[in-house]
Amino acid sequence: MKSLLKALGISVVCGLFLTGSTFHEYYVSLTRIEYNAEQRSWEMSLKVFTDDLERALSEKNGKQLVIREGDGNDRYVAQYLATHFRWENGPPQTLHYVGKEQEADATWIYCEITQSTPVFTGVTLTHDVLMEIFDTQVNMVTIIAGDQKKTYLFRKNKRKQTL
């Protein structure tokens, strides 16, 4: 019963996040990481509420930053991700920032990690995006490699996990 309630709670949170509600009392991000065999890289898309991202970037940089198309703030987003999202398979892998785009009250952030292997077992992932701002932040990560698909939840007390 407890696992059913937990799954229902996650579904409600994700449903609220995906519907584009401008007010939110839940702090959640959705991340999808998929292996692109042709490019031999892991492609990442991260969806966060824009106002939460603006707050994190503004506090980190000591000035008010507004996230919009063509805002010139890509370097701040890339620096923030390099600090709060780390993929380690041996030495930490370099996260290559690709760009961002707006969708209603959310921002999609795109990155890639060049790696020749589609194996993610044994990778250590740190994902503490927005956790310095919100104690209840939950970062949901789905990783896909071929027919392998796994989902992980990152919270303030579980920022780093070995996959």
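Residues numbered from 1 in each chain as written. Predicted model: local features only at pLDDT ≥ 70, side-chain atom pairs only at ≥ 80, totals over all residues. Heavy atoms only, no water.

Here the focus is the environment of Lys47. Along the chain, Lys47 turns up in strand β2 (residues 41-49). Of the residues examined, Lys47 reaches a relative accessible area of 3% and is grouped as buried. When the C-alpha positions of Lys47 and Gln102 are compared, they lie 9.6 Å apart, and in sequence the two are 55 residues distant. A distance of 2.9 Å separates the side chain of Lys47 from the side chain of Glu103, its partner in a polar contact. (Helix = DSSP H or I, 4+ residues; strand = E, 2+ residues; numbered from the N terminus. Buried < 20%, exposed > 50% of the residue type's maximum accessible area, 1.4 Å probe, protein only. Polar contact = N/O pair within 3.5 Å; in protein donor to acceptor, adjacent residues only side chain to side chain.)

All right, on to helix α3 (residues 74-84) then. Here α3 has its buried residues at Tyr76, Val77, Tyr80, Leu81 and His84. The arc enclosing the buried residues of α3, seen along the axis, measures out at 130 degrees, which places them on a common side. Those residues of α3 hidden inside the fold are in contact with β2, α2 (50-61), β3 (85-88), β4 (96-103), β5 (106-114) and β6 (124-127). (Arc of directions from axis to C-beta. Contact = heavy atoms within 4.5 Å.)

This brings us to the packing of α2 against α3. Contact pair α2 / α3: the axes reach a minimum separation of 11 Å and the direction vectors enclose 90 degrees. The orientation of α2 with respect to α3, classified from their angle, is roughly perpendicular. Here Ala56, Leu57, Lys60 and Asn61 of α2 come into contact with α3, specifically with Tyr76, Val77, Gln79, Tyr80 and Thr83. Here the contact of α2 with α3 is composed, by residue class, of five nonpolar, three polar and one charged. (Axes fitted to C-alpha atoms, helices over the stretch in contact; angles between N-to-C directions. Parallel < 35°, antiparallel > 145°, perpendicular 65-115°, else oblique. Nonpolar A, V, L, I, M, F, W, Y, C, P; charged D, E, K, R; others polar.)

Even without glycine at this site, Arg40 takes up a positive phi of about 55 degrees. For Arg40, the position within the fold is in the loop between β1 (28-36) and β2. Looking at Arg40, the relative accessible area reads 47%, which means it is partly exposed. With a phi close to 70 degrees, Leu130 is a non-glycine residue in the positive phi region. Residue classification places Leu130 among the buried residues on the basis of a relative accessible area of 1%.

The mixed open sheet is built from six strands, whose spatial order is β4-β5-β2-β1-β7-β8. Each edge of the sheet is formed by a strand with only one pairing partner; in this case those strands are β4 and β8 (148-154). Here the strands of the sheet are splayed against their neighbours by 15 degrees on average, with no regard to which way each runs. Looking at chain direction, strand β7 (residues 138-145) and β8 are connected through seven bridges and run antiparallel. The residue bridging Thr142 from the neighbouring strand is Thr151, located in β8. Seen against the sheet, α2 touches β2, β4 and β5 and runs at an angle of roughly 95 degrees to β2. The strands touched by α3 within the sheet are β2, β4 and β5, with β4 carrying the most contacts at an inclination of about 115 degrees. (Pairing = 2+ DSSP bridges.)

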